[in-house]
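Topology and contacts: notes
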Amino acid sequence: MHRDIFVDDRVAARAATAPEADALVSMRAIQKSYDGRSLIVANLDLDIRRGEFLTLLGPSGSGKTTCLMMLAGFETPTSGEIRLAGKIINRLPPHKRDIGMVFQNYALFPHMTVLENMRFPLTVRKLPRAGIDAKVKRALDMVQLAGFEHRYPQQLSGGQQQRVALARALVFDPQLVLMDEPLGALDKQLREHMQLEIKHIHQSLGATFVFVTHDQSEALTMSDRIAVFDRGVIQQIDTPANLYENPANAFVASFIGENNALAGTVLGRDGELSSVRLSTGACVLARTGDAGGAGQPAIVSIRPERVRLARDATPLAWRVPARVTEQIYLGDHIRLRMTVADCDNFTMKTPISKLDRCPCAGEQIELELAPEHLLALAPNPAP
Amino acid sequence: MTAANPTLDALRDDGGVPLRTRLRRAERSRKLRYAALILPLALFVLVVFVWPIASLLARSVDNPELRDNLPLTLAALERWPDEGLPDAAVFDTFARELEAARGSPAIAAIARRLNREHTGLRSLVMKTARKLPLADGADARAELPAIDAQWGETETWRTIRRAGSPLTAFYLLSAVDLTTDASGDIVSLPDGEAIYLDVLVRTLVMSLVVTALCLLLGFPLAYLMATLPVRQSNLLMILVLLPFWTSVLVRVAAWIVLLQNGGLVNQALMALGLTDAPVQLLFNSIGVYVAMTHILLPFVVLPLYSVMKGISPAYMRAAVSLGCPPWRSFWKVYFPQTLPGIGAGALLVFIMSMGYYITPALLGGPQEQMISYFIAFYTNQTINWGMAAALSAVLLAATLVLYMFYSRYFGPTRTGQLQPR
Ligand SMILES: Nc1ncnc2c1ncn2[C@@H]1O[C@H](COP(=O)(O)OP(=O)(O)OP(=O)(O)O)[C@@H](O)[C@H]1O
Ligand SMILES: [Mg+2]
């Protein structure tokens, strides 16, 4: 019975990825294999909405670049179809696609000045000279690089090269802009600065951006929506908040943000909530994610900042015993590492102001795990 | 000075030595160490490179024959005002020195040297030497013109004086088909005697053709090697390097076998019905071009390959993604980045072919002999060091001019883009 509901949920989730009215790009049933033996991208359905900032996020080798290359036209899908603004573009060569692209190492032409680099896409399109100069000037102003026109790329800092690459990909007003880890080579501070800058440029231009990264904080900062990839399959595509609060499965839960996972077995299900027996025998209530029915193994997942110390008012069913192993003071907050059930790397993160008394290492305490913050998920299939 | 500068004062150690002095001391020992490290190399370069070239160049202007064999005559001629005939002392000294040289190689050297200034002087010298010594107490000033009237001409003595100068431009001028006439002006050699400019032009043209062929064949090859998967590109690399592992002579001999009238190439051409009779492929320019291109190909492929290997495929992709069709992207984005490789490879091949000797000598006819053939001819057969050195100097000069041209148009400042235009 419960199982059926679960299956219906999945069907509903599928229906949500059926063609959307405002989709600029729609990829349907895309498969890609390089060697004819393994699928790098398996059955991908992806709609990119007009004007959105979509991030492809996933671990290394999960097929993000492959996916982007198929969009740009440098790889052809083994099967499936890609539509751009309604037209199938599977066989359209990349130079006719009108898609801007920013490469990881910028790929600024070293034998051309910034100005020549910027003019390149426009002269190729045979625009009149005056129009070219106006567009180049606007694009360079946008990335705050006016005055650098006559430098060669080697004479620019990494961040400046990055901006030129971005401006070059935008200068010919493409309907779609692809970026493959464009910030990977920058240091942390510059990367954070550029994240915001790119986001603001996106907002002011209204073009559609597809951004690839394996840095989740980057994805959360910049995106309207994030598609989480693993092993060539989109695990979930959603807004940053939804991904974080309602991960669709154990992979997404562990990949995005910090996450505590307790292994257990589903005892039963009551509407929104499932009850799960942990390995120690203790029972917890959790919102039902993609966990199976009674008797199925499950993982109970909770974010460290949602874990609280039990208070007098805490209901008995929410209480779980724990033993503190380590206390880490971080100024604005404190992290407690503890052993809970079978998990000896269970973390709790709490602002110091919310803590009356800080438990020390070795102390036996009780935690409050509220069902609304617990999510019962099916364990990751073995890779 | 230091007193006015409190920071410098503060920078004294306990012994009161100023910082600058200490720094200089530290630097000095470091510099000495570096100097000691490069000393062996510097000596090596000096001994096997600078010194031989310098002495070679010196040979091209050296003028030893009369200076060594008629020193007293030349000294006596110093006082002659270049008008009329020299005085009796000059004639006497000359007759004595000529007599002393008689019967030794010295007389041949004198005759050869003078003949080079003015044709006909060889027989005059030899004839006069045979008639020496003069009778005791005879007046050489009267006797010599009696042996041959030329001794009574001012021009003959001018020639001796000119040929006796310590340095001569004769060889260098000859190497570019020039000479000095009797009055000392530089004039072109008459058509029949001028050959070296033709040879120089031929050398340049042949080197240019070989360079162009090497580039045409080498560019696609290097491109393939840089873009193919490792396994195939390694195979290609071995094929390119294979010729390096066999001697040039063996390769030339192999080409003779292939290109001769009954050889594989001609047999194939006839079997295909492209020709009825064998085509002459050897001892003309075809054979020389084929073999030289084959031998020099690696020198253009290797630099090109290393440059192309460093060009990220992302550039082409970027160009294409910006809307440029693939061929045009190649031309506008990829090709310009290979220019340093093209320049280096072309320069290498060109300079090597300028000095090529063995292949044209074995595979070419008389019309394909390059300048090095004549250098070898003068060193090995006629032992005319002056001429060999002068031709080498011309070759060196041509090479240097070329190198300057190269560094102007392909050098680091042009392609490194470190300076804004
Ligand atoms: N040209 C290719 N030929 C063969 N296999 C390839 C090729 N390109 C990628 N792959 C394989 O496809 C898989 C996915 O690669 P892809 O570059 O799409 O990963 P990614 O998600 O971009 O990873 P990363 O975050 O490391 O960039 C990898 O296992 C990779 O080895
Ligand atoms: Mg990638």
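**Examining the overall build of chain B**
In terms of helices and strands, chain B carries 21 helices and 2 strands. Its C-alpha radius of gyration of 32 Å places chain B more than 25% over the 22 Å reference for a compact globule of 421 residues. Counting only C-alpha atoms, chain B reaches 100 × 100 × 35 Å along its principal axes. When the 421 residues of chain B are sorted by exposure, 38% land in the buried category. Sequence-distant contacts in chain B: of pairs separated by 6 or more residues, those separated by 24 or more amount to 67%. Working note: accessible area of chain B is about 23200 Å², and carbon and sulfur atoms make up 66% of it. When the 35 basic and 29 acidic side-chain charges of chain B are each reduced to a single mean position, those positions are 19 Å apart.

**Some thoughts on unusual backbone geometry**
Even without being a glycine, A:Glu181 presents a positive backbone phi close to 40 degrees. Within the element layout of this structure, A:Glu181 appears in the loop between strand 7 (176–180) and helix 6 (188–205).

**Examining the sheet that holds strand 6 (residues 99–102) of chain A**
All names here are of chain A. In space, the 6 strands of this open sheet follow the order 6-7-8-3-9-10, with mixed pairing throughout. Edge positions in the open sheet fall to strand 6 and strand 10 (233–238), since each of these has one partner strand only. When the angles between neighbouring strand axes are averaged without regard to direction, this sheet yields 15 degrees. Pairing analysis gives 5 bridges linking strand 9 (residues 225–230) to strand 10, with the strands arranged antiparallel. Within the sheet, the bridge partner assigned to Ile 226 lies in strand 10 and is Asp 238.

**Digging into the interface of chain B and chain A**
Chain B puts 23 residues into the contact, and the matching count from chain A is 27 residues. Across the contact surface, chain B and chain A share 0 salt bridges. Where chain B touches chain A, the interface holds 2 residue pairs in polar contact (both at pLDDT 80 or more). Secondary structure elements with two or more residues in the side of chain B that touches chain A: helix 16 (313–321) and helix 17 (326–354) of chain B. Sorting elements by how many residues they give to the side of chain B that touches chain A places helix 16 of chain B first, with 7 residues. Of the residues that constitute the side of chain B that touches chain A, the class distribution is 13 nonpolar, 6 polar and 4 charged.

**Remarks on the pairing of strand 4 (residues 79–84) of chain A**
All names here are of chain A. Across 5 bridges, strand 1 (residues 23–32) lies against strand 4 in antiparallel orientation. Among the inter-strand pairings, Gln 31 is bridged to a residue of strand 4, identified as Ser 79. Sheet analysis places strand 4 next to strand 5 (residues 87–88), joined by 2 bridges and oriented antiparallel. From the neighbouring strand, Arg 83 faces strand 5, where its bridge partner is Ile 88. Between strand 4 and strand 5, which follow one another and run antiparallel, lie 2 residues, and Ala 85 among them has a positive phi close to 50 degrees.

**Quick word on the environment of A:Asp215**
All names here are of chain A. Among the secondary structure elements, Asp 215 is positioned in the loop between strand 8 (208–213) and helix 7 (216–222). Between the C-alpha atom of Asp 215 and that of Glu 372, which follows or precedes it by 157 residues, the distance is 28 Å. At a separation of 2.9 Å, a polar atom in the side chain of Asp 215 contacts the main-chain amide nitrogen of Ser 217.

**Overview of a nonpolar patch on the surface**
Taken together, the side chains of B:Leu39, B:Leu41, B:Leu43, B:Phe44, B:Val45, B:Leu46, B:Val47, B:Val48, B:Phe49 and B:Val50 make up a nonpolar region of the molecular surface, amounting to roughly 930 Å² of accessible area. With respect to the helices and strands, the residue B:Val47 is situated in helix 2 (residues 19–61).

**Here's the deal with the pattern of salt bridges**
Evaluation of the coordinates by the stated rule reveals 32 salt bridges over all chains. We note a salt bridge from A:Glu192 to A:Lys188, for which the minimum N-O separation is 3.1 Å. With a gap of 4 residues between them, A:Glu192 and A:Lys188 both fall in helix 6, about one helical turn apart. Take A:Lys188: its relative accessible area is 55%, and that puts it in the exposed class. Between B:Asp148 and B:Lys127 there is a salt bridge whose closest N-O contact spans 2.7 Å. Of this pair, B:Asp148 sits in the loop between helix 8 (140–147) and helix 9 (154–163) while B:Lys127 is found in helix 7 (residues 121–131), placing the two residues 21 residues apart along the sequence. Owing to a relative accessible area of 14%, B:Asp148 belongs among the buried residues under this scheme.

**Remarks on the environment of B:Leu167**
Relative to the helices and strands, B:Leu167 is located in the loop between helix 9 and helix 10 (170–175). Filtering out sequence-adjacent residues up to four positions away, B:Leu167 remains in contact with B:Val61 and B:Asn63.

**Describing the nonpolar core**
Counting 114 residues, the largest nonpolar core has A:Leu56 and A:Ile198 as its most contacted members. With 12 residues, helix 15 (residues 285–309) of chain B is the largest single contributor of residues to this core. With sequence-adjacent residues up to four places away left out, A:Leu56 is seen in contact with A:Leu46, A:Lys64, A:Cys67, A:Leu68, A:Val210, A:Phe211, A:Val212, A:Thr213, A:Ala227 and A:Phe229. Formed by 29 residues, the second largest nonpolar core is a distinct cluster that contains B:Phe91, B:Phe94, B:Ile107 and B:Leu121.

**Concerning the site of ligand 1**
All names here are of chain A. Around ligand 1 sit Tyr 34, Ile 40, Pro 59, Ser 60, Gly 61, Ser 62, Gly 63, Lys 64, Thr 65, Thr 66, Glu 181 and His 214, and those are all the residues in its vicinity. The separation between an oxygen atom of ligand 1 and a polar main-chain atom of Ser 62 is 3.2 Å. The side chain of Thr 66 places a nitrogen or oxygen atom 2.5 Å from an oxygen atom of ligand 1. The protein chains hide 58% of the 630 Å² of surface that ligand 1 would expose on its own. A per-class count over the shell around ligand 1 returns 3 nonpolar, 7 polar and 2 charged.

What counts and how
Residues numbered from 1 in each chain as written. Chains lettered and ligands numbered in written order. Predicted model: local features only at pLDDT ≥ 70, side-chain atom pairs only at ≥ 80, totals over all residues. Heavy atoms only, no water. Helix = DSSP H or I, 4+ residues; strand = E, 2+ residues; numbered from the N terminus. Rg over C-alpha atoms; globule rule 2.2 N^0.38 Å. Buried < 20%, exposed > 50% of the residue type's maximum accessible area, 1.4 Å probe, protein only. Contact = heavy atoms within 4.5 Å. Areas by Shrake-Rupley, 256 points an atom, 1.4 Å probe, with all protein chains shown as cover. Lys, Arg positive; Asp, Glu negative; His and termini not counted. Charge placed at Lys NZ, Arg CZ, Asp CG, Glu CD. Pairing = 2+ DSSP bridges. Axes fitted to C-alpha atoms, helices over the stretch in contact; angles between N-to-C directions. Salt bridge = Lys/Arg side-chain N within 4 Å of Asp/Glu carboxyl O. Polar contact = N/O pair within 3.5 Å; in protein donor to acceptor, adjacent residues only side chain to side chain. Nonpolar A, V, L, I, M, F, W, Y, C, P; charged D, E, K, R; others polar. Patch = residues over 30% accessible without salt bridge, like charges linked within 9 Å, V, L, I, M, F, W, Y side chains within 5 Å. Core = buried A, V, L, I, M, F, W, Y, C linked by side-chain atoms within 4.5 Å. Near = heavy atom within 4 Å.

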